[in-house]
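# Structure assessment
Single-letter residue listing:
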Amino acid sequence: MNSPLFIETIRLSDGVLSNLLYHDLRLNHTRKMSLNQSDAWQLGRLIQVPKEYQTGLYKCRVTYGLHLENIEFEIYQPRIVQRLRLVNDDNIEYNFKYKNRASLIALAEQKGEADDVVIVKKGLITDASYANVAFWDGSRWVTPDTPLLAGTRRAALIAEGILTPQTIRTEDLPTFSSVRLVNAMLDFQSTPPIEIRNISY
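Residues numbered from 1 in each chain as written. Predicted model: local features only at pLDDT ≥ 70, side-chain atom pairs only at ≥ 80, totals over all residues. Heavy atoms only, no water.

## What about the sheet that holds strand E10 (residues 163-166)?
Hydrogen bonds between backbone groups are what pair the strands of a sheet, and the pairing can be parallel or antiparallel. Spatial ordering of the open sheet is given by E10-E9-E8-E11-E12, a layout of 5 strands whose pairing is mixed. Lying at the two open borders of the sheet, with one neighbouring strand each, are E10 and strand E12 (194-195). Of the pairings in the sheet, the one linking strand E9 (residues 141-144) to E10 comprises 4 bridges and is parallel in character. Bridged to valine 142 within E10 is threonine 164. (Pairing = 2+ DSSP bridges. Helix = DSSP H or I, 4+ residues; strand = E, 2+ residues; numbered from the N terminus.)

## Brief notes about the pairing of strand E7 (residues 124-128)
Of all 5 residues that make up E7, 5 are buried, and the element is covered over most of its length. Pairing of strand E6 (residues 116-121) with E7, which is carried by 3 bridges, proceeds in the antiparallel orientation. Among the inter-strand pairings, lysine 121 is bridged to a residue of E7, identified as leucine 124. Counting the residues that bridge the hairpin from E6 to E7 gives 2 residues, and of these lysine 122 lies at a positive phi of roughly 55°. (Buried < 20%, exposed > 50% of the residue type's maximum accessible area, 1.4 Å probe, protein only.)

## Side note on unusual backbone geometry
Here the phi dihedral of aspartate 14 falls at roughly 50°; this positive angle occurs in a residue that is not glycine. Mapped onto the secondary structure, aspartate 14 falls in the loop between strand E1 (6-13) and strand E2 (16-17).

## Examining the pattern of salt bridges
Summed over the entire model, instances satisfying the criterion amount to 7 salt bridges. Among the salt bridges present, the one from arginine 26 reaches glutamate 8, with a minimum N-O distance of 2.8 Å. You can see arginine 26 sitting in helix H1 (residues 20-35) and its partner glutamate 8 sitting in strand E1, a full 18 residues away along the chain. Grouping residues by exposure puts arginine 26 and glutamate 8 together as buried. A salt bridge links arginine 31 to aspartate 39; its shortest N-O distance comes to 3.1 Å. Of the residues examined, aspartate 39 reaches a relative accessible area of 39% and is grouped as partly exposed. If you follow the salt bridges from partner to partner, you end up with Arg61, Glu72 and Glu74 in one network. (Salt bridge = Lys/Arg side-chain N within 4 Å of Asp/Glu carboxyl O.)

## Side note on the nonpolar core
Counting residues in hydrophobic clusters, the biggest one holds 23 residues, and the most contacted among them are Ile125, Phe135, Val179 and Leu181. Where this core is concerned, the elements lending two or more residues are strand E5 (84-88), E6, E7, strand E8 (132-136) and strand E11 (178-182). Residues in contact with leucine 181, not counting those within four places in the same chain, are Val81, Ala128, Tyr130, Ala131, Asn132, Val133, Leu186 and Thr191. Of all hydrophobic cores here, the second largest spans 16 residues; its members include Phe6, Leu17, Val62 and Tyr64. (Core = buried A, V, L, I, M, F, W, Y, C linked by side-chain atoms within 4.5 Å. Contact = heavy atoms within 4.5 Å.)

## Let's talk about the side chain of asparagine 28
By the secondary structure assignment, asparagine 28 is in helix H1. Of the residues examined, asparagine 28 reaches a relative accessible area of 17% and is grouped as buried. Within the structure, asparagine 28 has its side chain in polar contact with the backbone nitrogen of tryptophan 41 (distance 2.8 Å). (Polar contact = N/O pair within 3.5 Å; in protein donor to acceptor, adjacent residues only side chain to side chain.)

Laid out in structure tokens, this is it:
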């Protein structure tokens, strides 16, 4: 039986790989829990950045299972997301960053006229289809304590005290003024906020 494949997506800006500590932690946790591998990999040693990717902003995608499968680089173009739609799925599981994202893609296809979805599981806000989410309550940024996938950028922002995890239900959304998407490729402080009124049900 073939083992599943997983990915790490890392921000590469002017030749510098970002947030490697948290990528290493997640990768090695995944390898231990899903693949029963106890040795620790260090992505900084595994990834050699080619000369042509030393300037500019790129997405570095590492695919792995029991072994390192592939390392790819591509120019990063952030999506423009101005409207979100809530979609419900009480059974979805994506607690590791699997290469197979079919379940998330299927939910994203329900976005209608919005730009992306926010997934609700058993009444609780989780993630967008490709990012964690953070909500502004007027004094602080809070992020759901029930994410489908605990993102690396989210982990770093929590450690820095910029994000505070808490339970967020759908009925809590009107108490917030805006939401930001959070993932490894996005610079949180410069990511445009989306007004809560632009989330449809």
